[in-house]
Amino acid sequence: MTPIPILLYHSVAPAASPDYARWCVHPDRFAGHLDVVRSLGYTPLTISELVDASVGGDLPERPLAITFDDGRADFTEHALPVLGASGVASTLYVVTDRIGGTSTWLPMSCETSAAMMTWDDVRAAAAAGVEIGSHSSTHVELDIVPRDRLHDEVDRSRQRLAGELGQAPRSLSYPHGYHSRAVVRAARAAGFDSACAVKDAWSSSADDRFALARLFVWNSTTVDDLRSLLAATPIRTASSRPVLRAGWRGARWVRHRVRTRLQGAG
Ligand SMILES: [Zn+2]
């Protein structure tokens, strides 16, 4: 079994609002992270390259993947130039109904007006070699919505990306990492062949390719922190055994119903 770190970024920018700051990595620090990846001899792959190599049994020496969730406009301004300059492969998961809009899904008025990438930005990223995946249509928690909504979120976002980019996306990233057996079935049925969860753990060649584990990279993750993380033998890799969190899922379901009713009433 080959341990594989899959890094999860959200925002690369010089500054962010106080509520969102912990998700935001400074561009200079991001460039330092990529230097660490290179200096430790890792081979960055897109998620689909990683899955193909894992299935085919031909993983490179030290495989690694860099992923971005959400598709914020700062990806184009601050992350893409650094990635392009270093020739590092990456995968970007976008929320298709929010492209050209704002991050209206972020809770508690935390950055609800952050600019998202435009379709031209997404096409430019794809042309630069970034793998584009789906992060659903609206960033809803996929494991607590009704079945028809689940399929709409997964199928429609895939079709939208296929229409806009001329190529169907292969990979999905579950919003907040939340998934269930029904969500995995929907992802498979839609035609995806991999999906990223979160888990904050190392992935591996034995990981479930529809629940790939990723490691959070925070604002506070210094270059030395990342070097220590990637240089060490992983303490734990993700289990392919499904984790049942029925109580937490139930609480989120109630919250979703209340929000939906309030929106309907408003
Ligand atoms: Zn997200």
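Data block above holds the structure.
Attention in this report is confined to the structure presented alongside it. (Residues numbered from 1 in each chain as written. Predicted model: local features only at pLDDT ≥ 70, side-chain atom pairs only at ≥ 80, totals over all residues.)

1. Section: the overall build of the protein chain
Turning to step 1, where the next piece is worked out: Per the secondary structure count, the protein chain includes eight helices and twelve strands.
Turning to step 2, where the next piece is worked out: Over its C-alpha trace the protein chain gives a radius of gyration of 18 Å, about what one expects of a compact globule, namely 18 Å for 266 residues.
Turning to step 3, where the next piece is worked out: Taking the principal axes of the C-alpha coordinates as reference, the protein chain spans close to 55 × 40 × 35 Å.
Turning to step 4, where the next piece is worked out: The proportion of buried residues among the 266 residues of the protein chain is 44%. (Helix = DSSP H or I, 4+ residues; strand = E, 2+ residues; numbered from the N terminus. Rg over C-alpha atoms; globule rule 2.2 N^0.38 Å. Buried ≥ 20, exposed ≤ 12 C-beta atoms within 10 Å, placed from the backbone.)

2. Observations regarding unusual backbone geometry
Turning to step 1, where the next piece is worked out: Its identity is not glycine, yet Asp70 carries a phi of approximately 100 degrees, on the positive side.
Turning to step 2, where the next piece is worked out: Looking at where Asp70 falls in the secondary structure, it is placed in strand 6 (residues 63–70).
Turning to step 3, where the next piece is worked out: Of the residues examined, Asp70 has 24 C-beta atoms within 10 Å and is grouped as buried.
Turning to step 4, where the next piece is worked out: Its identity as a non-glycine residue notwithstanding, Asp200 has a phi of 50 degrees, on the positive side.
Turning to step 5, where the next piece is worked out: If you trace the backbone, Asp200 turns up in the loop between strand 10 (194–199) and strand 11 (203–204).

3. Some words on the nonpolar core
Turning to step 1, where the next piece is worked out: If you look at the biggest cluster of nonpolar residues, it comprises 67 residues, and the most contacted ones within it are Ile6, Leu92, Ala187 and Ala195.
Turning to step 2, where the next piece is worked out: The element best represented in this core is helix 6 (residues 181–190), accounting for five residues.
Turning to step 3, where the next piece is worked out: Not counting residues up to four positions away in its chain, the partners in contact with Ala187 are Val154, Leu172, Phe192, Ala195 and Phe210. (Core = buried A, V, L, I, M, F, W, Y, C linked by C-beta atoms within 7 Å. Contact = placed C-beta atoms within 7 Å.)

4. Digging into the pairing of strand 7 (residues 91–94)
Turning to step 1, where the next piece is worked out: On strand 7, burial covers both faces: Thr91 and Tyr93 on one face and Leu92 and Val94 on the other are all buried.
Turning to step 2, where the next piece is worked out: Of the strand pairs in this sheet, strand 7 and strand 8 (residues 131–134) are connected by four bridges, and their pairing is parallel. Within strand 8, the position partnered with Thr91 by the bridge is Glu131. (Pairing = 2+ DSSP bridges.)

5. Focus: helix 5 (residues 147–165)
Turning to step 1, where the next piece is worked out: For helix 5, with 19 residues, the first-to-last C-alpha span of 27 Å sits near the 27 Å given by 1.5 Å per residue.
Turning to step 2, where the next piece is worked out: Listing the buried residues of helix 5 in full gives Leu150, Glu153, Val154, Ser157, Arg158 and Leu161. Along helix 5, the residues classed as buried sweep out an arc of 100 degrees about the axis, all on the same side. Across helix 5 from its buried face, at more than 90 degrees, point the exposed residues Arg147, Asp148 and Gly163.
Turning to step 3, where the next piece is worked out: Just downstream of helix 5 lies Gly166, where phi reads positive at about 75 degrees. (Expected span 1.5 Å × (residues − 1). Arc of directions from axis to C-beta.)

6. Considering the packing of helix 1 (residues 27–39) against helix 7 (residues 223–231)
Turning to step 1, where the next piece is worked out: Contact pair helix 1 / helix 7: the axes reach a minimum separation of 9 Å and the direction vectors enclose 25 degrees. The angle between helix 1 and helix 7 falls in the class roughly parallel. Between helix 1 and helix 7 lies a crossing whose hand is right-handed. Residue-level inspection shows Arg29, Gly32, His33 and Val36 of helix 1 in contact with helix 7, the latter providing Val223, Leu226, Arg227 and Leu230.
Turning to step 2, where the next piece is worked out: Of the residues contributing to the contact of helix 1 with helix 7, the split by class is four nonpolar, two polar and two charged. (Axes fitted to C-alpha atoms, helices over the stretch in contact; angles between N-to-C directions. Parallel < 35°, antiparallel > 145°, perpendicular 65-115°, else oblique. Left-handed = near helix turned anticlockwise from the far one by under 90°. Nonpolar A, V, L, I, M, F, W, Y, C, P; charged D, E, K, R; others polar.)

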